[in-house]
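Coordinate analysis (summary)
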Amino acid sequence: MKIVIRLDDISPGMDMGKFRRFKRLLDENHIRPLIGVVPENMDPKLEKRETDEEEDAPVSRNRSTDPDDKIKEKDYPFWHLVRNLQSEGWIIAMHGLHHVYTTNKGGMLPLNKQSEFAGIDLEKQIAMIAEGKKILGTHGIATDFFMAPSHSYDRNTMTALAENGFRRITDGFGKRAYRRFDMTFYPISFKKDAVLKDESEGYTTFVVHTNTLNGDDFAFYEKVFDSGKVVSWDEWLSQDPVEASELQGIKEYLMARFKYIAVHKRW
């Protein structure tokens, strides 16, 4: 099983120290990830707290100690950074609009009971996605990839995305990209440890929130990269998707519900 990396919650107030640290790990292994960029962040939980210490220690025995000047905030504003990363071959996904949860719906992949989109009427979702796309456009960012905050979306979201020219989504479960609702889904991992032991063919996505990584997390991801299973997104994107089976929606809904119960110990 091959692994691609997606980085969630990319926004101007994120913890740049942790982001730099993870980027160096990616660069050392010549991996180009997908990043979910919030067009206009209004979620205070994505802002680095002033009391947080910047975790910028070495993460690899081969790591250069020279700072990566492309991501010094004082020299390069956030949107300049995003454009630079896109020019390096990183894939950009639109990560919601404001990253603010306004419903308690889990949607079609109920890994969480909170959503910016699921449960919202179609016209409003069309407007929200259009606004996010417009904001990205004003910063010189174009993409047809969508990443739903908390993995929560519904059928109205699918229609709203299509109306706004989006064609690809990073979510769902499986070992191959699949077509559903006239969209191409690139699945995420159900259990990371199981993926590392899986020698079958296929691809999956490891979801990474750099804002919340600690020392143990960085050590884990160094082992992940050492496994030789991690590849860049352009490899997976070159593969043709399959048509989803009639049971795909039911299967991944039940898998997501099972994982929610296992993690949160409640219904």
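In this text the structure is predicted, and so the values were computed from the model without any measurement.

Side note on the nonpolar core
Of all hydrophobic cores here, the largest spans 58 residues; its most connected members are Ile5, Leu7, Phe22, Val37, Tyr221 and Phe225. Once you skip the residues sitting within four places of it in the chain, Val37 turns out to touch Ile10, Phe78, Trp79, Val82, Ile92, Ala93, Met94, His95 and Leu136. Grouped together as the second largest cluster of nonpolar side chains are twelve residues, Leu34, Ala93, Ala177 and Tyr186 included.

A closer look at a nonpolar patch on the surface
Taken together, the side chains of Leu247, Ile250, Tyr253 and Leu254 make up a nonpolar region of the molecular surface, amounting to roughly 420 Å² of accessible area. On the basis of relative accessible area, Leu254 is assigned to the exposed category, the value being 54%.

Quick word on the layout of surface pockets
Within this model, the largest pocket holds a volume of roughly 910 Å³. Around the largest pocket, the lining is made up of 37 residues, and of these Asn112, His151, Val207, His209 and Thr212 lie nearest the centre. Considering each element in turn, the lining of the largest pocket owes the most residues, four residues, to helix 8 (residues 248–264). Residue composition of the lining of the largest pocket, by class: eleven nonpolar, eleven polar and 15 charged.

Notes on the side chain of His99
The topology assignment puts His99 in the loop between strand 3 (91–94) and helix 3 (122–138). Classification of His99 by relative accessible area gives buried; the value is 4%. The residues touching His99, leaving out its near neighbours within four places in the chain, are Asp9, Val38, Asn41, Asp43, Leu46, Glu116 and Pro149.

Some points on the packing of aromatic side chains
In total, this model carries 18 aromatic pairs according to the counting rule given. With a centroid separation of 5.5 Å and an interplanar angle of 85 degrees, the aromatic rings of Phe117 and Phe146 are classed as edge-to-face. Placement of Phe117 in the loop between strand 3 and helix 3 and of Phe146 in strand 4 (residues 145–146) is noted, with a sequence separation of 29 residues between them. As far as the burial class goes, Phe117 and Phe146 line up, both buried. Grouping aromatic residues by their ring pairs yields a cluster made of Phe22, Phe218, Phe220, Tyr221 and Phe225.

Observations regarding the packing of helix 1 (residues 16–28) against helix 6 (residues 215–226)
Contact pair helix 1 / helix 6: the axes reach a minimum separation of 11 Å and the direction vectors enclose 15 degrees. The angle between helix 1 and helix 6 falls in the class roughly parallel. Considering how the two elements wind past one another, helix 1 and helix 6 form a crossing that is right-handed. Counting all contacts with helix 1, which are made through Lys18, Arg21, Phe22, Leu25 and Leu26, the residues of helix 6 involved are Phe218, Tyr221, Glu222 and Phe225.

A few points about the environment of Asp8
Mapping Asp8 onto the fold places it in strand 1 (residues 2–10). A relative accessible area of 4% places Asp8 in the buried class. Separated by 140 residues in the primary sequence, Asp8 and Ala148 place their C-alpha atoms 9.7 Å from one another. Setting aside chain neighbours within four positions, we find Asp8 in contact with Gly36, His95, Met147, Val207, Val208 and His209. A distance of 2.8 Å separates the side chain of Asp8 from the side chain of Arg6, its partner in a polar contact.

Quick look at the pairing of strand 3
Across the two faces of strand 3 the burial is the same, with Ile91 and Ala93 and Ile92 and Met94 all buried. Here four bridges tie strand 2 (residues 34–37) to strand 3, and the two strands are oriented parallel to one another. Bridged to Gly36 within strand 3 is Ala93.

Calculation notes
Residues numbered from 1 in each chain as written. Predicted model: local features only at pLDDT ≥ 70, side-chain atom pairs only at ≥ 80, totals over all residues. Heavy atoms only, no water. Core = buried A, V, L, I, M, F, W, Y, C linked by side-chain atoms within 4.5 Å. Buried < 20%, exposed > 50% of the residue type's maximum accessible area, 1.4 Å probe, protein only. Contact = heavy atoms within 4.5 Å. Patch = residues over 30% accessible without salt bridge, like charges linked within 9 Å, V, L, I, M, F, W, Y side chains within 5 Å. Areas by Shrake-Rupley, 256 points an atom, 1.4 Å probe, with all protein chains shown as cover. Salt bridge = Lys/Arg side-chain N within 4 Å of Asp/Glu carboxyl O. 1 Å grid on protein atoms, 1.4 Å probe; cavity = no way out; pocket = protein on both sides within 12 Å on 5 of 7 lines; lining within 4 Å. Points joined across faces, edges and corners; volume = space filled by probe spheres on them. Helix = DSSP H or I, 4+ residues; strand = E, 2+ residues; numbered from the N terminus. Nonpolar A, V, L, I, M, F, W, Y, C, P; charged D, E, K, R; others polar. Phe/Tyr/Trp six-rings, centres within 6.5 Å; stacked < 30°, edge-to-face > 60°. Axes fitted to C-alpha atoms, helices over the stretch in contact; angles between N-to-C directions. Parallel < 35°, antiparallel > 145°, perpendicular 65-115°, else oblique. Left-handed = near helix turned anticlockwise from the far one by under 90°. Polar contact = N/O pair within 3.5 Å; in protein donor to acceptor, adjacent residues only side chain to side chain. Pairing = 2+ DSSP bridges.

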